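Chain and residue survey
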Amino acid sequence: MNGLLLVAGWFALRHVPFEAHDADEHAPVSRRERLAVWREPRTLLIGLMVLGMALTEGSANDWLALAMVDDHDVSKTVGTLTFAVFVTFMTIGRLAGTAVLDRFGRVPTLRVCGVLAFVGLALVIFGPTWAAYAGVALWGLGASLGFPVGMSAAADEPRMAAARVSVVSTIGYLSFLAGPPIIGALGEYVTLLYALILVLVAVAVAVVAAPAAREPEGAPSGSV
């Protein structure tokens, strides 16, 4: 998982705009301004979107292989290979992400990613085993761009970029920290597959919150 987080961080940092265009962007940010970022609706909605998409990724990292073994009755080897499929398709999504974002923009891309993750998860949770394999691939593609695009959207305005990225990343990493244990605890009562319904809900919320990541007015439609 740490390697995937490094990839996400690298992708996001590539697109943080560091150039300043007027004197105001050089002005120091006060403590009050940094704290005020926590009350900005757009920043919090971006954080909510990142929370849902990070949970989508983190739940697969921690529970996908075990859910396939315990609830789809596959061997441990197949369960491991299933997780490898997830990682492969998530990597493909991130490699293709720049071109997709350049062509379609953030909001349509995030919505499609959310739908892919939702459908993929639904196939894994409710479908037969053969359909779950296809679902894992869709889940991986869908989970690929939410976190890095959210980081990029938080950094749109250069002067407050660090403060807003801090807020969004804090919210996002809460899902990596708290999400898997919650799913594991639920799995003790309803099986891991049904515990993943919580992730379905989080993905749906992320899709609803996706418009908050829209490019600034005047920016190219595919700007990330």
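In the block above lies the structure referred to throughout.
Described below are features of the structure shown in this document. (Residues numbered from 1 in each chain as written. Predicted model: local features only at pLDDT ≥ 70, side-chain atom pairs only at ≥ 80, totals over all residues. Heavy atoms only, no water.)

**Some remarks on the packing of aromatic side chains**
Summed over the entire model, instances satisfying the criterion amount to six aromatic pairs. Look at Phe126 and Tyr194: their rings are 6.4 Å apart centre to centre, the planes differ by 40 degrees, and that puts the pair in the tilted class. Remark: Tyr194 occurs in helix 9 (residues 192-195) and Phe126 occurs in helix 5 (residues 106-126); sequence separation between them is 68 residues. Using a relative accessible area of 53% as the deciding quantity, one classes Phe126 as exposed. Centre to centre, the rings of Tyr173 and Phe176 are 5.6 Å apart; their planes meet at 40 degrees, and the pair counts as tilted. (Phe/Tyr/Trp six-rings, centres within 6.5 Å; stacked < 30°, edge-to-face > 60°. Helix = DSSP H or I, 4+ residues; strand = E, 2+ residues; numbered from the N terminus. Buried < 20%, exposed > 50% of the residue type's maximum accessible area, 1.4 Å probe, protein only.)

**What about the pattern of salt bridges?**
Here the structure, examined in full by the defined rule, presents six salt bridges. Where Glu33 meets Arg159, a salt bridge forms, and the shortest distance between an N and an O atom there is 3.0 Å. Highlighted residues: Glu33 in helix 2 (residues 31-36) and Arg159 in the loop between helix 7 (146-154) and helix 8 (161-190), separated in sequence by 126 residues. The partner of Glu40 in a salt bridge is Arg164, with the nearest N and O atoms 2.7 Å apart. Of this pair, Glu40 sits in the loop between helix 2 and helix 3 (41-71) while Arg164 sits in helix 8, and the two are 124 residues apart along the sequence. In this structure Arg164 comes out as buried when scored by relative accessible area, which is 14%. Each of the salt bridges in this network shares a partner with another, and the network as a whole consists of Glu40, Glu157 and Arg164. (Salt bridge = Lys/Arg side-chain N within 4 Å of Asp/Glu carboxyl O.)

**Some words on the packing of helix 3 against helix 10 (residues 197-209)**
Where helix 3 contacts helix 10, the axes come no closer than 8 Å and their chain directions differ by 145 degrees. Where helix 3 crosses over helix 10, the handedness of that crossing is left-handed. In this structure, helix 3 contributes Leu45, Leu48, Met49, Gly52, Met53, Leu55, Thr56 and Ser59 to the contact, and helix 10 contributes Val199, Ala202, Val203, Val205, Ala206 and Ala209. A breakdown of the residues in the contact of helix 3 with helix 10 according to their chemical character gives 11 nonpolar, three polar and no charged. (Axes fitted to C-alpha atoms, helices over the stretch in contact; angles between N-to-C directions. Left-handed = near helix turned anticlockwise from the far one by under 90°. Contact = heavy atoms within 4.5 Å. Nonpolar A, V, L, I, M, F, W, Y, C, P; charged D, E, K, R; others polar.)

**So, the environment of Ala162**
Within the secondary structure layout, Ala162 lies in helix 8. What makes Ala162 exposed here is its relative accessible area of 64%. Residues Ala162 and Arg34, 128 residues apart in the sequence, show an inter-C-alpha distance of 9.0 Å.

**As for helix 5**
The α-helix advances 3.6 residues per turn, and as a result positions three or four apart in sequence lie on the same side. The end-to-end C-alpha distance of helix 5 is 30 Å, a good match for the 30 Å that 21 residues give at a rise of 1.5 Å each. When helix 5 is considered as a whole, its buried residues turn out to be Arg106, Val107, Thr109, Leu110, Cys113, Gly114, Ala117, Gly120, Leu121, Val124 and Ile125. The buried residues of helix 5 occupy an angular sector of 160 degrees when projected down its axis, which confines them to one face. Facing away from the buried side of helix 5 by over 90 degrees, the exposed positions are Val112 and Phe126. Buried positions along helix 5 lie against helix 3, helix 4 (76-104), helix 6 (129-142), helix 7, helix 9 and helix 10. (Expected span 1.5 Å × (residues − 1). Arc of directions from axis to C-beta.)

**Some details on the side chain of Glu215**
Here Glu215 is to be found in the segment after helix 10. Buried charge without a salt bridge: Glu215, with Arg106 as the nearest opposite-charge side chain at an N-O distance of 4.5 Å. Side-chain polar atoms of Glu215 contact the backbone nitrogen of Arg106, separated by 2.8 Å. (Lys, Arg positive; Asp, Glu negative; His and termini not counted. Polar contact = N/O pair within 3.5 Å; in protein donor to acceptor, adjacent residues only side chain to side chain.)

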